[in-house]
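Here is how the chains run, residue by residue.
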Amino acid sequence: MTFTPEVVAQIASHMNGDHADDNVLIVRGLAGIGSASAARMSGMDADGMDFEATVDGIAVPVRIPFAQRLTERRQVRGEAVRMYQQACVALGIEPTH
C-alpha cells in the first residue's frame, strides 16, 4: 500500500503533536540512540516510520521498520503502540499507556 502525502502528514501531525515524548523513546529504545534529546516523525511508508532525531544538537535521520508491511491506514496505530511498548522494554521503563 502507498500512503498518500496527506495521510502521512496527518499521522505525523498526530505523532508529533500528541506523542512527542513517545517519539523520543522509540528512537532511544529501538534505534539505540540513547542521547537523542528530541525526535519528530518526518515520514513513513508501508514498511516503516522515519524520524528526525536531535542528537547533540544535530538532526539525524532515523528509520524504524514496522514488524510487518502495512496494508491499511488503521494498522499504523497498532504499530506505533507496539514500537512504543518495545522501546519501553528496551529502555527498562514502565509504559504509561
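Since the structure is predicted, the reported quantities are computational estimates derived from the model, not experimental observations. (Residues numbered from 1 in each chain as written. Predicted model: local features only at pLDDT ≥ 70, side-chain atom pairs only at ≥ 80, totals over all residues. Heavy atoms only, no water.)

K.L.:
Which parts of the structure should I look at to understand the pattern of salt bridges?
P.N.:
Side chains that carry opposite charge are capable of pairing whenever their charged atoms lie near each other. Evaluation of the coordinates by the stated rule reveals five salt bridges. A salt bridge links Asp 47 to Arg 69, with the shortest nitrogen-to-oxygen separation between them at 2.7 Å. Taken together, the positions of Asp 47 in the loop between strand E1 (36-45) and strand E2 (48-55) and Arg 69 in the loop between strand E3 (58-65) and helix H3 (75-91) put the pair 22 residues apart, joining distant regions of the chain. For Arg 69, a relative accessible area of 51% corresponds to the exposed category. In this structure, Arg 82 engages Glu 79 in a salt bridge whose closest nitrogen and oxygen atoms are separated by 2.8 Å. Within this pair, Arg 82 and its partner Glu 79 are both found in helix H3, separated by three residues, close to a single helical turn. (Salt bridge = Lys/Arg side-chain N within 4 Å of Asp/Glu carboxyl O. Helix = DSSP H or I, 4+ residues; strand = E, 2+ residues; numbered from the N terminus. Buried < 20%, exposed > 50% of the residue type's maximum accessible area, 1.4 Å probe, protein only.)

K.L.:
Looking at this structure, I do not really get the sheet that holds E3. What am I missing?
P.N.:
One key point about sheets: their strands pair by backbone hydrogen bonds, in either a parallel or an antiparallel sense. Judged by pairing direction, the sheet is antiparallel, and its three strands sit side by side in the order E1-E2-E3 without closing on themselves. Sheet topology places E1 and E3 at the edges, where each strand pairs with a single neighbour. Strand-to-strand twist in this sheet, taken as the mean axis angle between neighbours without regard to direction, amounts to 25 degrees. Pairing of E2 with E3 involves eight bridges; the strand directions are antiparallel. Bridge pairing in E3 places Thr 54 opposite Ala 59. (Pairing = 2+ DSSP bridges. Axes fitted to C-alpha atoms, helices over the stretch in contact; angles between N-to-C directions.)

K.L.:
Help me understand the environment of Arg 63, please; the structure alone is not making it clear to me.
P.N.:
Looking at the element boundaries, Arg 63 is found in strand E3. Its relative accessible area of 38% is what places Arg 63 among the partly exposed residues. Remark: the alpha-carbon pair of Arg 63 and Asp 47, spanning 16 residues in sequence, is separated by 9.8 Å. Leaving out residues up to four positions away in the same chain, Arg 63 has contacts with Asp 45, Asp 47, Gly 48, Met 49 and Asp 50. (Contact = heavy atoms within 4.5 Å.)

K.L.:
Quick question: what am I supposed to make of the environment of Ser 35 here?
P.N.:
One can find Ser 35 in the loop between helix H2 (20-30) and E1. Taking relative accessible area as the criterion, Ser 35 reaches 42% and is therefore assigned partly exposed. Measuring from C-alpha to C-alpha, the distance between Ser 35 and Thr 54 comes to 8.5 Å, with 19 residues separating the pair along the chain. Ignoring anything within four residues of it in the chain, the contact list for Ser 35 reads Thr 54 and Val 55.

K.L.:
Where do I start with unusual backbone geometry in this structure?
P.N.:
Note: most residues except glycine have negative phi, and most peptide bonds are trans. Located in the positive-phi region is Asp 56, a residue other than glycine, with phi close to 55 degrees. Checked against the element boundaries, Asp 56 lands in the loop between E2 and E3. By relative accessible area, which is 68% here, Asp 56 ends up exposed.

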